[in-house]
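A structural walkthrough
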Amino acid sequence: MPFQPSKRLQALPPYLFTEIDRKRREAIAAGKDVINLGVGDPDRPTPEFIRERMATALDDPRNHRYPFDEGVPEFREQAASFMQARFGVEVDWERELITLIGSKEGLGHLPLAVVNPGDTVLVPQPAYPVYAAASIFAGGVPYHVPLTEANGWLPDLGAIPAEVAQKASLMFLNYPNNPTGACASAAFFSRAVEFACANDLVIAHDAAYTELYFEQRPGSILEVPGAKDVCIELHSLSKTFNMTGWRIAWAVGCADVIAALAKVKSNMDSGQFNAIQEAGQEALSRLDDVEVKATLDIYRERRDVLVDGLNKIGFAVPKPEATFYVWARCPEGYTSMDLATRALEEASVVLIPGVGFGAPGEGYVRAALTVEADRMAEATRRLAAIDW
Ligand code: PLP
(Lines give C-alpha, C1' and ligand atoms only; values in the text may rest on other atoms or scores of the structure.)
Protein backbone atom coordinates (compact mmCIF):
# COMPACT_ATOMS: atom_id res chain seq x y z
CA MET A 1 0.00 0.00 0.00
CA PRO A 2 1.54 3.36 -0.90
CA PHE A 3 1.93 5.70 2.06
CA GLN A 4 -1.08 7.93 2.68
CA PRO A 5 -0.62 11.07 4.77
CA SER A 6 -3.07 11.37 7.65
CA LYS A 7 -6.63 12.50 6.95
CA ARG A 8 -5.95 15.72 8.84
CA LEU A 9 -3.12 16.57 6.43
CA GLN A 10 -5.30 15.71 3.48
CA ALA A 11 -8.00 18.03 4.86
CA LEU A 12 -5.74 21.11 4.55
CA PRO A 13 -6.78 23.60 1.87
CA PRO A 14 -4.65 23.49 -1.31
CA TYR A 15 -1.44 25.50 -1.25
CA LEU A 16 -1.99 28.14 -3.93
CA PHE A 17 1.49 29.65 -4.03
CA THR A 18 3.08 26.61 -5.70
CA GLU A 19 2.71 27.93 -9.25
CA ILE A 20 4.19 31.34 -8.42
CA ASP A 21 6.99 29.64 -6.48
CA ARG A 22 7.80 27.46 -9.48
CA LYS A 23 7.85 30.43 -11.85
CA ARG A 24 10.07 32.38 -9.45
CA ARG A 25 12.60 29.54 -9.31
CA GLU A 26 12.54 29.22 -13.09
CA ALA A 27 13.14 32.96 -13.54
CA ILE A 28 16.11 32.84 -11.15
CA ALA A 29 17.51 29.75 -12.89
CA ALA A 30 17.20 31.61 -16.21
CA GLY A 31 19.42 34.36 -14.77
CA LYS A 32 16.65 36.98 -14.41
CA ASP A 33 17.11 39.75 -11.84
CA VAL A 34 14.10 38.85 -9.69
CA ILE A 35 12.81 41.39 -7.13
CA ASN A 36 11.04 39.36 -4.49
CA LEU A 37 8.23 41.29 -2.79
CA GLY A 38 6.70 38.00 -1.75
CA VAL A 39 8.30 37.12 1.55
CA GLY A 40 7.26 38.73 4.81
CA ASP A 41 10.70 38.39 6.29
CA PRO A 42 12.77 41.44 7.34
CA ASP A 43 15.84 41.89 5.14
CA ARG A 44 17.83 43.81 7.78
CA PRO A 45 20.01 42.03 10.37
CA THR A 46 19.07 41.62 14.03
CA PRO A 47 20.41 44.68 15.92
CA GLU A 48 23.92 44.29 17.33
CA PHE A 49 22.93 44.80 20.98
CA ILE A 50 20.74 41.69 20.75
CA ARG A 51 23.45 39.61 19.05
CA GLU A 52 25.95 40.70 21.71
CA ARG A 53 23.66 39.59 24.52
CA MET A 54 23.19 36.26 22.73
CA ALA A 55 26.95 35.77 22.50
CA THR A 56 27.31 36.26 26.27
CA ALA A 57 24.32 34.03 27.00
CA LEU A 58 25.84 31.24 24.91
CA ASP A 59 28.82 31.04 27.26
CA ASP A 60 26.64 30.46 30.33
CA PRO A 61 26.45 26.68 30.97
CA ARG A 62 23.10 27.10 32.75
CA ASN A 63 21.68 27.92 29.33
CA HIS A 64 22.88 24.63 27.87
CA ARG A 65 20.31 22.55 29.72
CA TYR A 66 16.63 21.99 28.97
CA PRO A 67 14.81 25.29 29.14
CA PHE A 68 11.84 25.85 31.45
CA ASP A 69 8.63 24.76 29.72
CA GLU A 70 6.79 28.05 30.26
CA GLY A 71 9.82 30.22 29.61
CA VAL A 72 12.48 31.77 31.83
CA PRO A 73 11.04 34.08 34.49
CA GLU A 74 13.22 37.03 33.40
CA PHE A 75 11.90 36.96 29.81
CA ARG A 76 8.31 36.60 30.98
CA GLU A 77 8.69 39.46 33.46
CA GLN A 78 10.17 41.65 30.74
CA ALA A 79 7.31 40.77 28.38
CA ALA A 80 4.82 41.63 31.15
CA SER A 81 6.58 44.99 31.63
CA PHE A 82 6.24 45.59 27.89
CA MET A 83 2.48 44.90 28.10
CA GLN A 84 2.20 47.41 30.93
CA ALA A 85 4.41 50.09 29.40
CA ARG A 86 3.10 49.81 25.87
CA PHE A 87 -0.62 49.08 26.39
CA GLY A 88 -1.26 49.79 30.08
CA VAL A 89 -2.20 46.12 30.50
CA GLU A 90 -1.38 44.67 33.93
CA VAL A 91 -0.13 41.08 33.63
CA ASP A 92 0.58 38.46 36.26
CA TRP A 93 3.43 36.87 34.32
CA GLU A 94 3.41 33.64 36.33
CA ARG A 95 -0.23 32.84 35.51
CA GLU A 96 -0.99 34.87 32.42
CA LEU A 97 2.11 34.75 30.18
CA ILE A 98 4.25 32.04 28.60
CA THR A 99 7.16 32.07 26.17
CA LEU A 100 6.53 30.69 22.68
CA ILE A 101 8.92 29.33 20.05
CA GLY A 102 7.64 32.02 17.67
CA SER A 103 3.99 33.06 17.55
CA LYS A 104 3.36 30.54 14.76
CA GLU A 105 4.11 27.76 17.24
CA GLY A 106 1.57 29.21 19.70
CA LEU A 107 -1.07 29.65 17.00
CA GLY A 108 -0.41 26.11 15.80
CA HIS A 109 -0.79 24.53 19.23
CA LEU A 110 -3.61 26.70 20.60
CA PRO A 111 -6.57 24.89 18.99
CA LEU A 112 -5.37 21.63 20.60
CA ALA A 113 -5.90 23.36 23.93
CA VAL A 114 -9.25 25.00 23.18
CA VAL A 115 -11.11 23.19 20.39
CA ASN A 116 -12.98 19.87 20.60
CA PRO A 117 -13.38 17.75 17.46
CA GLY A 118 -16.33 19.08 15.48
CA ASP A 119 -16.25 22.55 17.07
CA THR A 120 -16.54 25.55 14.78
CA VAL A 121 -13.54 27.90 14.66
CA LEU A 122 -14.17 31.42 13.36
CA VAL A 123 -11.37 32.24 10.94
CA PRO A 124 -11.43 35.63 9.20
CA GLN A 125 -10.16 35.68 5.61
CA PRO A 126 -7.98 36.84 3.93
CA ALA A 127 -5.63 35.61 6.63
CA TYR A 128 -2.37 34.04 7.65
CA PRO A 129 -3.05 30.40 6.63
CA VAL A 130 -1.94 28.90 9.97
CA TYR A 131 -5.27 29.72 11.73
CA ALA A 132 -7.28 27.41 9.48
CA ALA A 133 -4.59 24.71 9.31
CA ALA A 134 -4.16 24.56 13.10
CA SER A 135 -7.93 24.42 13.56
CA ILE A 136 -8.19 21.49 11.16
CA PHE A 137 -5.33 19.65 12.92
CA ALA A 138 -7.32 19.90 16.16
CA GLY A 139 -10.43 18.48 14.50
CA GLY A 140 -12.13 21.88 14.36
CA VAL A 141 -14.15 23.10 11.43
CA PRO A 142 -13.10 26.54 10.16
CA TYR A 143 -15.95 28.93 9.41
CA HIS A 144 -14.55 31.65 7.21
CA VAL A 145 -15.63 35.15 8.11
CA PRO A 146 -15.01 37.44 5.12
CA LEU A 147 -13.00 40.63 5.62
CA THR A 148 -13.87 43.28 3.07
CA GLU A 149 -12.47 46.63 2.06
CA ALA A 150 -15.91 48.19 2.67
CA ASN A 151 -15.70 47.05 6.31
CA GLY A 152 -12.15 48.32 6.80
CA TRP A 153 -11.01 44.65 6.72
CA LEU A 154 -12.76 44.02 10.04
CA PRO A 155 -15.15 41.07 10.44
CA ASP A 156 -18.83 41.98 10.57
CA LEU A 157 -19.57 40.14 13.81
CA GLY A 158 -23.29 40.83 13.53
CA ALA A 159 -23.41 38.98 10.20
CA ILE A 160 -22.15 35.69 11.70
CA PRO A 161 -25.26 33.47 12.04
CA ALA A 162 -26.21 32.92 15.70
CA GLU A 163 -26.14 29.12 15.37
CA VAL A 164 -22.59 29.30 13.95
CA ALA A 165 -21.36 31.60 16.72
CA GLN A 166 -22.88 29.36 19.38
CA LYS A 167 -21.08 26.29 18.04
CA ALA A 168 -17.74 28.12 17.93
CA SER A 169 -15.18 27.63 20.66
CA LEU A 170 -12.43 29.84 19.20
CA MET A 171 -12.12 32.93 17.00
CA PHE A 172 -8.88 34.21 15.52
CA LEU A 173 -8.26 37.92 14.98
CA ASN A 174 -5.13 39.66 13.69
CA TYR A 175 -4.52 43.43 13.89
CA PRO A 176 -2.46 45.06 12.50
CA ASN A 177 -3.52 42.64 9.81
CA ASN A 178 -1.56 40.44 7.44
CA PRO A 179 -2.16 40.71 4.48
CA THR A 180 -4.28 43.89 4.39
CA GLY A 181 -2.26 46.18 6.69
CA ALA A 182 -5.51 47.24 8.40
CA CYS A 183 -5.68 48.21 12.08
CA ALA A 184 -8.56 47.68 14.52
CA SER A 185 -10.01 50.41 16.72
CA ALA A 186 -10.57 50.11 20.48
CA ALA A 187 -14.31 50.14 19.70
CA PHE A 188 -13.94 47.07 17.46
CA PHE A 189 -11.94 45.23 20.12
CA SER A 190 -14.72 46.01 22.65
CA ARG A 191 -17.35 44.59 20.30
CA ALA A 192 -15.22 41.48 19.75
CA VAL A 193 -14.85 40.87 23.50
CA GLU A 194 -18.61 41.33 23.96
CA PHE A 195 -19.21 38.85 21.13
CA ALA A 196 -16.85 36.31 22.74
CA CYS A 197 -18.56 36.65 26.13
CA ALA A 198 -22.04 36.35 24.59
CA ASN A 199 -21.07 33.20 22.67
CA ASP A 200 -18.81 31.65 25.27
CA LEU A 201 -15.81 31.41 22.96
CA VAL A 202 -12.11 32.23 23.23
CA ILE A 203 -10.48 34.93 21.10
CA ALA A 204 -6.88 34.46 20.00
CA HIS A 205 -5.62 37.84 18.87
CA ASP A 206 -2.48 37.57 16.76
CA ALA A 207 -0.59 40.78 17.54
CA ALA A 208 2.64 39.97 15.69
CA TYR A 209 2.72 43.39 13.96
CA THR A 210 1.81 45.85 16.74
CA GLU A 211 5.25 47.48 16.64
CA LEU A 212 5.38 47.97 12.86
CA TYR A 213 3.25 51.06 12.43
CA PHE A 214 3.41 54.30 10.49
CA GLU A 215 0.61 56.33 12.05
CA GLN A 216 -1.01 55.71 15.42
CA ARG A 217 0.39 53.03 17.70
CA PRO A 218 -1.89 50.01 17.37
CA GLY A 219 -3.61 48.84 20.56
CA SER A 220 -4.02 45.50 22.32
CA ILE A 221 -7.34 43.68 22.68
CA LEU A 222 -6.36 43.13 26.32
CA GLU A 223 -6.93 46.86 26.94
CA VAL A 224 -10.68 46.14 26.87
CA PRO A 225 -12.00 45.70 30.43
CA GLY A 226 -12.78 42.02 31.03
CA ALA A 227 -10.82 40.87 27.95
CA LYS A 228 -8.62 38.64 30.07
CA ASP A 229 -11.65 36.46 30.83
CA VAL A 230 -11.96 35.36 27.20
CA CYS A 231 -8.90 36.46 25.18
CA ILE A 232 -5.31 35.61 24.70
CA GLU A 233 -2.95 37.65 22.57
CA LEU A 234 0.19 36.47 20.79
CA HIS A 235 3.15 38.81 20.50
CA SER A 236 6.34 38.22 18.59
CA LEU A 237 9.84 39.63 18.45
CA SER A 238 10.22 38.42 14.86
CA LYS A 239 9.24 41.53 12.93
CA THR A 240 9.92 44.21 15.54
CA PHE A 241 13.57 43.27 16.00
CA ASN A 242 14.35 41.48 12.70
CA MET A 243 14.44 38.18 14.60
CA THR A 244 12.35 35.83 12.45
CA GLY A 245 15.02 33.14 12.52
CA TRP A 246 15.37 33.19 16.30
CA ARG A 247 11.83 31.95 17.08
CA ILE A 248 10.84 33.96 20.12
CA ALA A 249 7.39 35.22 21.11
CA TRP A 250 4.86 35.05 23.93
CA ALA A 251 1.20 34.39 24.63
CA VAL A 252 -0.58 36.49 27.24
CA GLY A 253 -4.08 36.79 28.63
CA CYS A 254 -6.74 34.49 30.13
CA ALA A 255 -4.91 32.41 32.77
CA ASP A 256 -6.96 29.27 32.11
CA VAL A 257 -6.27 29.35 28.35
CA ILE A 258 -2.57 30.07 28.98
CA ALA A 259 -2.41 27.08 31.37
CA ALA A 260 -4.11 24.85 28.77
CA LEU A 261 -1.71 25.99 26.04
CA ALA A 262 1.25 25.42 28.39
CA LYS A 263 0.00 21.88 29.00
CA VAL A 264 -0.16 21.15 25.25
CA LYS A 265 3.31 22.60 24.80
CA SER A 266 4.82 20.65 27.69
CA ASN A 267 3.77 17.50 25.82
CA MET A 268 5.09 18.69 22.47
CA ASP A 269 8.19 20.82 23.01
CA SER A 270 10.52 21.72 25.85
CA GLY A 271 10.50 25.48 25.41
CA GLN A 272 12.79 27.90 23.64
CA PHE A 273 16.58 27.86 24.17
CA ASN A 274 17.26 29.93 27.31
CA ALA A 275 20.00 31.95 25.59
CA ILE A 276 17.48 33.12 22.98
CA GLN A 277 15.07 34.13 25.73
CA GLU A 278 17.89 36.11 27.34
CA ALA A 279 18.57 37.88 24.03
CA GLY A 280 14.82 38.45 23.69
CA GLN A 281 14.71 39.99 27.13
CA GLU A 282 17.48 42.39 26.07
CA ALA A 283 15.54 43.26 22.89
CA LEU A 284 12.32 44.04 24.75
CA SER A 285 14.13 46.16 27.31
CA ARG A 286 15.33 48.39 24.47
CA LEU A 287 12.26 48.76 22.30
CA ASP A 288 12.87 52.50 22.07
CA ASP A 289 16.42 51.99 20.83
CA VAL A 290 17.16 54.28 17.89
CA GLU A 291 18.11 51.36 15.66
CA VAL A 292 14.70 49.75 16.21
CA LYS A 293 12.87 53.03 15.57
CA ALA A 294 14.99 53.68 12.46
CA THR A 295 13.65 50.44 10.96
CA LEU A 296 10.17 52.01 10.91
CA ASP A 297 11.49 54.96 8.88
CA ILE A 298 13.08 52.54 6.44
CA TYR A 299 9.78 50.69 5.93
CA ARG A 300 7.92 54.00 5.64
CA GLU A 301 10.21 55.18 2.84
CA ARG A 302 9.79 51.86 0.99
CA ARG A 303 6.02 51.98 1.50
CA ASP A 304 5.83 55.47 0.03
CA VAL A 305 7.99 54.55 -2.98
CA LEU A 306 5.87 51.49 -3.73
CA VAL A 307 2.41 52.94 -3.07
CA ASP A 308 3.12 56.20 -4.94
CA GLY A 309 4.62 54.20 -7.82
CA LEU A 310 1.63 51.82 -8.03
CA ASN A 311 -0.85 54.69 -7.86
CA LYS A 312 0.93 56.43 -10.75
CA ILE A 313 0.43 53.26 -12.82
CA GLY A 314 -3.28 53.48 -12.03
CA PHE A 315 -3.66 50.85 -9.30
CA ALA A 316 -5.75 52.28 -6.46
CA VAL A 317 -3.60 51.51 -3.45
CA PRO A 318 -4.08 53.04 0.01
CA LYS A 319 -1.04 53.51 2.26
CA PRO A 320 -1.13 50.89 5.00
CA GLU A 321 -1.09 52.33 8.52
CA ALA A 322 0.87 49.38 9.86
CA THR A 323 2.66 46.09 9.02
CA PHE A 324 5.19 45.87 6.21
CA TYR A 325 2.64 44.82 3.60
CA VAL A 326 0.99 46.72 0.80
CA TRP A 327 -2.36 45.26 -0.24
CA ALA A 328 -3.15 46.39 -3.76
CA ARG A 329 -6.44 45.99 -5.62
CA CYS A 330 -5.96 44.43 -9.07
CA PRO A 331 -7.03 46.47 -12.11
CA GLU A 332 -10.43 45.58 -13.62
CA GLY A 333 -10.51 42.22 -15.34
CA TYR A 334 -7.55 40.68 -13.49
CA THR A 335 -7.61 37.83 -11.02
CA SER A 336 -4.90 37.99 -8.38
CA MET A 337 -3.17 35.01 -9.98
CA ASP A 338 -3.23 36.66 -13.46
CA LEU A 339 -1.69 39.80 -12.05
CA ALA A 340 1.01 38.03 -10.05
CA THR A 341 1.84 35.89 -13.09
CA ARG A 342 2.24 38.90 -15.40
CA ALA A 343 4.30 40.77 -12.79
CA LEU A 344 6.65 37.81 -12.53
CA GLU A 345 6.85 36.88 -16.22
CA GLU A 346 7.10 40.42 -17.61
CA ALA A 347 8.77 42.38 -14.81
CA SER A 348 10.49 39.67 -12.71
CA VAL A 349 8.68 41.06 -9.66
CA VAL A 350 7.25 38.55 -7.18
CA LEU A 351 3.86 39.51 -5.70
CA ILE A 352 1.61 37.21 -3.69
CA PRO A 353 -1.85 36.56 -5.17
CA GLY A 354 -4.47 37.50 -2.58
CA VAL A 355 -6.50 34.36 -3.22
CA GLY A 356 -3.74 32.42 -1.45
CA PHE A 357 -4.94 34.02 1.81
CA GLY A 358 -8.46 32.68 1.21
CA ALA A 359 -11.22 33.35 -1.32
CA PRO A 360 -12.07 36.86 0.00
CA GLY A 361 -8.48 37.85 -0.90
CA GLU A 362 -9.28 37.42 -4.60
CA GLY A 363 -8.86 40.65 -6.56
CA TYR A 364 -5.84 41.81 -4.51
CA VAL A 365 -2.12 41.16 -4.40
CA ARG A 366 0.27 41.56 -1.48
CA ALA A 367 3.72 43.13 -1.68
CA ALA A 368 6.13 42.99 1.27
CA LEU A 369 8.31 46.02 2.03
CA THR A 370 11.36 43.83 2.50
CA VAL A 371 13.69 45.12 -0.22
CA GLU A 372 15.68 48.38 -0.22
CA ALA A 373 13.98 51.56 -1.51
CA ASP A 374 16.04 51.65 -4.72
CA ARG A 375 14.96 48.07 -5.55
CA MET A 376 11.39 49.03 -4.70
CA ALA A 377 11.67 51.96 -7.15
CA GLU A 378 13.07 49.58 -9.76
CA ALA A 379 10.14 47.18 -9.16
CA THR A 380 7.60 49.97 -9.70
CA ARG A 381 9.43 51.12 -12.88
CA ARG A 382 9.26 47.59 -14.27
CA LEU A 383 5.59 47.20 -13.33
CA ALA A 384 4.85 50.57 -14.96
CA ALA A 385 6.38 49.33 -18.22
CA ILE A 386 3.73 46.58 -18.49
CA ASP A 387 0.74 47.47 -20.64
CA TRP A 388 -1.97 46.75 -18.05
N1 PLP B 1 1.16 35.94 12.55
C2 PLP B 1 1.17 36.56 11.36
C3 PLP B 1 -0.03 37.34 10.96
C4 PLP B 1 2.29 36.46 10.51
O5 PLP B 1 2.28 37.08 9.34
C6 PLP B 1 3.39 35.69 10.94
C7 PLP B 1 4.58 35.53 10.09
O8 PLP B 1 4.67 35.98 8.98
C9 PLP B 1 3.32 35.08 12.19
C10 PLP B 1 2.21 35.21 12.96
C11 PLP B 1 4.45 34.20 12.68
O12 PLP B 1 5.42 34.95 13.30
P13 PLP B 1 6.52 34.25 14.21
O14 PLP B 1 7.81 34.49 13.54
O15 PLP B 1 6.39 34.92 15.56
O16 PLP B 1 6.18 32.80 14.31
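Cut-offs applied
Residues numbered from 1 in each chain as written. Predicted model: local features only at pLDDT ≥ 70, side-chain atom pairs only at ≥ 80, totals over all residues. Heavy atoms only, no water. Helix = DSSP H or I, 4+ residues; strand = E, 2+ residues; numbered from the N terminus. Buried < 20%, exposed > 50% of the residue type's maximum accessible area, 1.4 Å probe, protein only. Lys, Arg positive; Asp, Glu negative; His and termini not counted. Salt bridge = Lys/Arg side-chain N within 4 Å of Asp/Glu carboxyl O. Expected span 1.5 Å × (residues − 1). Contact = heavy atoms within 4.5 Å. Pairing = 2+ DSSP bridges. Axes fitted to C-alpha atoms, helices over the stretch in contact; angles between N-to-C directions. Phe/Tyr/Trp six-rings, centres within 6.5 Å; stacked < 30°, edge-to-face > 60°.

1. A closer look at the side chain of R76
As for its placement among the helices and strands, R76 is situated in helix α4 (residues 73-87). Despite its burial, R76 pairs with no opposite charge, the nearest such side chain being E70 at 4.3 Å.

2. Some words on helix α14 (residues 373-384)
Between its first and last C-alpha atoms α14 spans 16 Å; for 12 residues at 1.5 Å apiece the expected length is 16 Å, and the two agree. Inspection of α14 places A373, M376, A377, A379, T380, R382 and L383 among the buried residues, and these make up the whole buried set. Elements in contact with the buried residues of α14: β1 (35-36), α12 (290-313), α13 (336-347), β10 (349-350) and β12 (364-368).

3. Quick notes on the sheet that holds strand β6 (residues 202-206)
Taken in spatial order, the 7 strands make up an open sheet running β2-β8-β7-β6-β5-β3-β4, and their pairing is mixed. This sheet does not close on itself; its edge strands, each paired only once, are β2 (97-100) and β4 (141-146). On average, each strand axis in the sheet is inclined to that of its neighbour by 20°, with strand direction left out of account.

4. What about the environment of V145?
Mapping V145 onto the fold places it in strand β4. Take V145: its relative accessible area is 4%, and that puts it in the buried class. C-alpha of V145 to C-alpha of N36: the two residues are 109 residues apart in sequence and 30 Å apart in space. Setting aside residues no more than four positions away along its own chain, V145 makes contact with L122, V123, P124, Q125, P155 and I160.

5. Re the packing of aromatic side chains
Under the defined criterion, the tally for this structure stands at 17 aromatic pairs. An angle of 70° between the planes, with centres 5.3 Å apart, marks the rings of Y299 and F324 as edge-to-face. Of this pair, Y299 sits in helix α12 while F324 is found in the loop between α12 and β9 (325-329), placing the two residues 25 residues apart along the sequence. The exposure class assigned to Y299 is buried, which follows from its relative accessible area of 1%. Ring centres of Y334 and W388 lie 5.5 Å apart, and the angle between their planes is 70°; on these two criteria the pair is classed as edge-to-face. Within this pair, whereas Y334 is found in the loop between β9 and α13, its partner W388 is found in the segment after α14, the two being separated by 54 residues in sequence.

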